[in-house]
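Close look at the chain arrangement
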Amino acid sequence: MYTASWRDVVRRDLFGPSPDPRDRPYRLVIRVFLVVLTLFRFRFDVRGSEHLPRQGGAVVASNHVSYFDFVFLELAALPQRRLVRFMAKASVFDNRLAGPAMRAMQHIPVDRTAGVAAFDEAVRALQAGKVVGVFPEATISSSFTVQDLKAGAARMAVQAGVPVVPAALWGGHRVATKNRRVVLRRDVPVTVLLGEPVVPEPGEKTQSVLRRTRAAMEALLEEAQRTYPDAPAGDDDRWWQPAHLGGTAPTPEEARAIDRDDVRGTAVPVRRSPVQQVRHVFGSLVSRRRRGR
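Residues numbered from 1 in each chain as written. Predicted model: local features only at pLDDT ≥ 70, side-chain atom pairs only at ≥ 80, totals over all residues. Heavy atoms only, no water.

Side note on unusual backbone geometry
Convention followed: Secondary structure is summarised from DSSP: a helix means a run of H or I of at least four residues, a strand means a run of E of at least two, and numbering begins at the N terminus for each.
The phi angle at Q106 is positive, at roughly 65°, despite the residue not being glycine. Assignment of secondary structure puts Q106 in the loop between α5 (98-104) and β5 (108-110). Phi angles above zero are rare outside glycine, and F144 is one such case at about 60°. Its location among the elements puts F144 in the loop between β6 (131-134) and α7 (152-160).

Thoughts on helix α8 (residues 206-226)
The test is simple: For a helix, the expected span equals 1.5 Å multiplied by the residue count minus one. For every residue, the accessible area (1.4 Å probe, protein chains only) is compared with the maximum for its type, and the residue is labelled buried under 20%, exposed over 50%, or partly exposed between those bounds. To be clear, the arc concerns the directions from the helix axis to the C-beta atoms.
The end-to-end C-alpha distance of α8, which contains 21 residues, comes to 30 Å, matching closely the 30 Å that a straight helix rising 1.5 Å per residue would cover. Turning to α8, its buried residues are T206, V209, L210, T213, A216, M217, L220, L221, A224 and Q225. Looking straight down α8, one finds its buried side chains confined to an arc of 165°; they lie on one side. Residues of α8 that are exposed and point over 90 degrees away from its buried face: R211, E222 and R226.

Observations concerning the pattern of salt bridges
Where we set the bar: Definition used for salt bridges: Asp or Glu carboxyl oxygen within 4 Å of a side-chain nitrogen of Lys or Arg.
Applying the stated criterion across every chain, the model contains 14 salt bridges. For the salt bridge of R212 with E204, the shortest nitrogen-to-oxygen distance reads 2.8 Å. Judged by relative accessible area, R212 falls into the partly exposed class, the value being 32%. You can call E204 buried: its relative accessible area is 14%. Counted as one network, the salt bridges with shared partners bring together D148, R214, E218 and R256.

A few points about the environment of V36
Along the chain, V36 turns up in helix α2 (residues 24-39). Separated by 43 residues in the primary sequence, V36 and P79 have C-alpha atoms spaced 19 Å apart.

Side note on the packing of aromatic side chains
Note the following rule: Any pair of Phe, Tyr and Trp rings, taking the six-membered ring for Trp, is counted once the centres come within 6.5 Å. Such a pair is stacked with planes under 30 degrees apart, edge-to-face with planes over 60 apart, and tilted for the rest. Charges are assigned to positions over rings by a cutoff of 6 Å between ring centre and Lys NZ or Arg CZ, combined with an angular limit of 35 degrees from the ring normal.
Evaluated as defined, the whole model comprises 10 aromatic pairs. When the centroid spacing of 6.1 Å and the interplanar angle of 50° are considered together, the rings of F42 and F72 count as tilted. Here the residue F42 occupies a position in the loop between α2 and β2 (43-47), and F72 occupies one in helix α3 (residues 69-77), the gap between them amounting to 30 residues. For F72, a relative accessible area of 1% translates into the label buried. For the pair F144 and W239, a centre-to-centre distance of 6.4 Å together with 65° between the ring planes defines the contact as edge-to-face. Here W239 lies in the loop between α8 and α9 (252-264) and F144 lies in the loop between β6 and α7, a separation of 95 residues in the sequence. Of the two residues, F144 and W239, neither departs from the other in class, the shared state being buried. Every member of this aromatic cluster is reached through a ring pair, and the members are Y2, F42, F44 and F72. Over the aromatic face of F119 sits the side chain of R155, whose NZ or CZ is 4.0 Å from the ring centroid. Sitting over the face of the ring of W240, R174 holds its NZ or CZ atom 4.5 Å from the ring centroid.

As structure tokens, then:
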């Protein structure tokens, strides 16, 4: 298990000997998140970082269970000195707090009503040798299983001529996930697995690459769940386990109905002021401290 430390926060060689000056905003954000990870003592089991190529373009395709998944994937990319440019909903870029940071880090906005521009931008980034991160389920999975995948990640890999690196994340949803209040607790284990690259073969069709990617993601998620060090503390704590493992999360069939609007991009976003956003994130932590008095 790896636990972020203050030494990581201030390491001069964290991003390699000569990082690109244009990536200073991204590097600053990563150091800020390392402070948060240090304060809350997240315990990470990161395996397979060596599967991410040190140079050249690659698509990282991961399951999606937590609002912090992009942080955990970037943590897995750091040993290879890579920065991941994530494809994210355009609404995130419209946010007054997150938008400027997302643009400064060169992430890619996705307008689901006109996705061609985002696809083309991602292909250009891949051809320029960058790593593009994609959550092909298009939303956080309410079932905590791998749901139906959009073909975009596989199609980008085929068109750009780069590998797909499958990934699986587990544990972060216990802190922050869809339809549940954020609970900032300490010592939560988070498993991050990167698998062997899925390399498109000459003439291979997108759907074939997609099938291979999904099979790899499912195998990695099964391993992450099987080797996860924590178990539910009781019946009231089984919500974060999928139904097939005895948890009370929705079944995959139920989750498709729950997640449908998110996947289609028709969900109505919750509009919060900056003050309301801070209260939303930290409200549960404050209430937990008050109950402990």
